[in-house]
Amino acid sequence: CSDVDGGVYELVSMAKNAKGGDETHDSKRGQGLSACFVARNRFAVLDKSRQLLIKNLKNDVTKRFSAPHPNSELLFSGGIAGRMLIKADEKLTLFEVQSRRVVAEISVPQVKYVVWNNDCNYVALLCKHSVVICNRNLEQSCSISETVRVKSGSWDNNGVFIYSTLNHIKYCIKNGDHGILRTLDVPLYITRVSPNGDTVHCLDRECKIRTLSIDTTECLFKVALMKRQYGQVMKMIKNARLCGQAIIAYLQEKGYPEVALHFVEDKKTRFKLALECGNLDVAMEAAVEVNEDECWNSLGIEALRQGNITVVEMAYQRTRNFERLSFLYLMTGNKEKLTKMLRIAENRKDFMSRFHNSLYLGDVGERVKVLEEVGQLSLAYLTAASHGMTEDAERLAKALAEAEVPVPQLRNDSQCLLPPIPLQRTCDASWPLLEVSRGLVHDALQKGIDMVAEEELVDDPNEVKEAMGSDADDIEGDDDFFGDDKDDLDFGDDRKAAPAAGGGGWGDEEEDLDFGMEEANANEEESESGGEMDGDVFVAPSAGVDPSTLWTQNSSLAADHAAAGAFESCMRLLNRQIGIVNYEPLKKNMRDVYLGTRCIIPGMPSVPPMSAVLQREETNSLPATCIKLQALVDRLRVAYAAFSGGRFTDAIAEFRSIMYAIPFLVVKRAEDAEVKELLNICKEYITGLLLELKRKETEDPIRALELAVYFTHCKLQPAHLVLVLNIAMKAAYKQNNYITAASLAQRLLGMPESNLEANRPKRTVAQKVLKKSEQSGRNEHQIDYDASKHFNVGAVAMKPIYQSEKSVKCPFCGTYCRPDQENQACPVCLVAQLGVETLGLIVSS
């Protein structure tokens, strides 16, 4: 609008598909102080008499009414149809045209422009020296003040408001966070932000179009934190360059110290952040690097608050805080270290510390000795006499007489001063704590997963380590157990590698190479509880139903039947669901589940204790079972360690113990796939280990080669598969089966784990084997193995079963075998019958 003659507006109608300046436009003019659209085909005009005129696209007045304020100055779009913003003095009003009512008001000085975001949920009010962000109902979200004039602004697709001042382009987020994106040489007026947010389109004062690049990484990081999009946060931490004290201070202020840890390299700052988020491991590492008493004192306080005795002990030792260290050993019942503290105090000639430690230990003789050495003969005599040390008391009485000091008299009510005996010694473990999650951010940073989506189960066996939470150290293995990488393989040159000592199951093999019944239905009608009088006859209330009976009635899980003590129905369920025929290995788990649901509650004196059962929830009558999925995952790591150490018999026992506990799990339906994945891991490892044990027993080298190559097709952890491929490759090369050796070498070299420093010797050997095999290009011996076809290993005959061949499976663990081996006991799990059709494993209610 123009201020000439009270202001003039111009309504221009353009063709829908207009492309250039050659099109003729229909133009209409009118007088008014301000104008804005209120609908697709309606606009409002504020005339010089402060009347609001609603006009159509023909510029005809359809409505006329007074403005809500007599001093109204400007009109702005209201974001949605039927609304507009009216500026009056230091106030902005949200006005609804249809009902002619004021929806909301906000006090904002000198509003010049109003910019709505794409979905019109938020609006930016540009004032002379400030930017105010409000929602569609004009409720203020934040306000940013500037020392120079605000020129213009625009919203991007991520909900960030990009605005320009006299010499900067800045950003503002809905929660009030703001910052500088880049500096300007000349003032620019922002017209639009590109969809990806990295380009700003502007006009300069000469009305020339200019395009500027901006880096919005920092503001997008803050937006992701604000929206709790932790998957995006994790991605930006890994890929973006975010650093500096500003971002660290921001993360601390917003309550994300664990995220700030990933940006900090200064040890003192890392230490403070680690303490703030309770991460003792990182705090310990930083404290060791800094090595200052102040840090160790702070670490000791936080570790004591968390009950981490090991860290507290180290902190006290580093600061030589002997008094607190002695008291810590007293509270944890560590008498051995208390005795050492007594010796240390004696070497330091610290009599008070000696006395305290002897008091903590209940060492009366040492207390008497300390008191005697410091000249307190009377106290030494009283201590000796009151504790029955007759000889020392008589000696001290003579010393007192010689010194002409009266011998003190014992009181009749004197008692021995001895510390209580600790009932539970916690010297070797931290105090028990309730394990709780450190939050979504911490989990995402530790596991590297998207925290917004539901946890995805890992289908790829190469990702099982991450899904099951196994540590890399558990499966890396030791070269001492996996044979020698520098074997005397003949590569056609004069070089030979010296053999090294092997051990365990992966060591030397003295070769040239060092490498039921139907379930009863208890559908009883419930009788009314309570009693009632029928004449003079009293009807006693009926007895309640035992919880164990309800468990068997309301659940089809074997764990619930075992918890109820209904072992026969539990075995029938196991037979129907997973074809179990040998229950002997499962007896221990059935007994543990039964005992784990019972507890004894002591009563009043002279009253027998009460027995109770543990239930899953207050409103759920089903039992709480003691076998948990996380505990089985922890045991999986132990099995991995046994496999890495070459203790194959122990590894098979560990994997089978996990198998036998799985039928007694009770999990949520979302965890079903994870349970089946755990069962499949155990099956694959047991199958492979049985192949390896068979290979060690056979004397036929060709058969041994077949078993070795079959082992490589078991779904193992990548670090384990490298070891198995290495052994099979060497076996094939030794038997002059160069085609087989080349395929195994290619598989080994194609694995990312072969590039690790620990596997570099294996990679070198594989490269040499591949080169020599490609030169020879023949298999000297015919073996039952086709690397180009997918197959499953038959666990009974230990032969491949290709997809085109018929096979049957174990209903429990899924082991394959040929049809003529049906109805035999499964050689992997030892408890199920091969080839029986069942419902399958059921562990979720």
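The structure presented is a predicted model; accordingly, all values stated were derived computationally and were not measured.

**A word on the overall build of the protein chain**
Then step 1. Each helix and strand counted, the protein chain has 28 helices and 31 strands in total.
Then step 2. Relative to its full complement of 845 residues, the protein chain shows a buried share of 44%.
Then step 3. Here the protein chain has roughly 45,700 Å² of accessible surface; of this, 48% comes from carbon and sulfur atoms.

**Some points on helix H1 (residues 217-226)**
Then step 1. Those residues of H1 that fall on the buried side of the exposure criterion are Cys219, Phe221, Lys222, Val223, Ala224 and Leu225.
Then step 2. Directly beyond the C-terminal end of H1, a positive phi value near 60° is found at Arg228.

**With respect to the nonpolar core**
Then step 1. Counting residues in each nonpolar core, the largest one holds 95 residues, and the members touching the most others are Phe655, Met659, Phe664 and Phe812.
Then step 2. If you tally residues by element for this core, the top one is helix H24 (residues 672-697), at 10 residues.
Then step 3. Non-local contacts of Phe664, meaning those with residues more than four positions away in its chain, are made with Ala558, Ala559, Ala562, Cys570, Leu574, Leu586, Asn589, Met590, Val593 and Ile627.
Then step 4. Among the nonpolar cores identified, the runner-up in size contains 27 residues, and Val311, Val312, Tyr316 and Leu325 belong to it.

**What to know about the packing of aromatic side chains**
Aromatic ring pairs are reported here in terms of the distance separating the ring centres and the angle at which the planes meet.
Then step 1. Inspection of every chain in the model, using the stated rule, returns 17 aromatic pairs.
Then step 2. Look at Phe161 and Tyr163: their rings are 6.0 Å apart centre to centre, the planes differ by 15°, and that puts the pair in the stacked class. Judged on exposure class, the residue Phe161 and its partner Tyr163 are both buried.
Then step 3. Here the aromatic residues Tyr640, Phe643, Phe648, Phe655, Tyr685 and Phe711 are joined through ring pairs into a cluster of three or more.
Then step 4. Here the basic side chain of Lys789 rests over the ring of Tyr802, its NZ or CZ set 5.9 Å away from the ring centre.

**Looking at the sheet that holds strand E7 (residues 72-77)**
Then step 1. With antiparallel pairing, the four strands of this open sheet are ordered in space as E7-E8-E9-E10. Since the sheet does not close on itself, it has two edges, and those belong to E7 and strand E10 (101-107), each with one partner. When the angles between neighbouring strand axes are averaged without regard to direction, this sheet yields 25°.
Then step 2. Pairing between E7 and strand E8 (residues 83-88): five bridges, direction antiparallel. Its bridge partner being in E8, Leu75 is matched across the sheet by Ile86.

**A few points about the confidence of the model for the protein chain**
Then step 1. Summary statistics for the protein chain give a mean pLDDT of 80 and a share of 79% for residues scoring 70 or more.
Then step 2. Scored below 50 in pLDDT, residues 449-488 shows 105 contacts in the model against residues more than four places distant or in partner chains.
Then step 3. Segment residues 493-503 is flagged for pLDDT under 50; beyond a separation of four residues in sequence, or across chains, it makes 18 contacts in the model.

**Thoughts on the packing of helix H7 (residues 293-306) against helix H8 (residues 309-318)**
Then step 1. Between H7 and H8, whose axes approach to 8 Å, the crossing angle comes to 155°. With respect to H8, the axis of H7 lies roughly antiparallel. In the crossing of H7 with H8, the sense of the turn from one axis to the other is left-handed. Contacts between H7 and H8 pair Asp293, Trp296, Leu299, Gly300, Ala303 and Leu304 from the former with Val311, Val312, Met314, Ala315, Tyr316 and Arg318 from the latter.
Then step 2. Taken together, the residues of the contact of H7 with H8 break down into nine nonpolar, one polar and two charged.

**With respect to the layout of surface pockets**
Then step 1. Its volume calculated, the second largest pocket comes out at about 740 Å³.
Then step 2. Taken together, 33 residues make up the lining of the second largest pocket; nearest its centre are Asn680, Lys683, Glu684, Gly814 and Tyr816.
Then step 3. Residue assignment for the lining of the second largest pocket shows that the elements contributing at least two residues are H24 and strand E28 (791-794).
Then step 4. Counting residues per element, the lining of the second largest pocket draws most heavily on H24, which supplies six residues.
Then step 5. In terms of residue class, the lining of the second largest pocket is made up of 14 nonpolar, 10 polar and nine charged.

Criteria and cut-off values
Residues numbered from 1 in each chain as written. Predicted model: local features only at pLDDT ≥ 70, side-chain atom pairs only at ≥ 80, totals over all residues. Heavy atoms only, no water. Helix = DSSP H or I, 4+ residues; strand = E, 2+ residues; numbered from the N terminus. Buried < 20%, exposed > 50% of the residue type's maximum accessible area, 1.4 Å probe, protein only. Areas by Shrake-Rupley, 256 points an atom, 1.4 Å probe, with all protein chains shown as cover. Core = buried A, V, L, I, M, F, W, Y, C linked by side-chain atoms within 4.5 Å. Contact = heavy atoms within 4.5 Å. Phe/Tyr/Trp six-rings, centres within 6.5 Å; stacked < 30°, edge-to-face > 60°. Lys NZ or Arg CZ within 6 Å of the ring centre and 35° of its normal. Pairing = 2+ DSSP bridges. Axes fitted to C-alpha atoms, helices over the stretch in contact; angles between N-to-C directions. pLDDT = per-residue confidence, 0-100. Parallel < 35°, antiparallel > 145°, perpendicular 65-115°, else oblique. Left-handed = near helix turned anticlockwise from the far one by under 90°. Nonpolar A, V, L, I, M, F, W, Y, C, P; charged D, E, K, R; others polar. 1 Å grid on protein atoms, 1.4 Å probe; cavity = no way out; pocket = protein on both sides within 12 Å on 5 of 7 lines; lining within 4 Å. Points joined across faces, edges and corners; volume = space filled by probe spheres on them.

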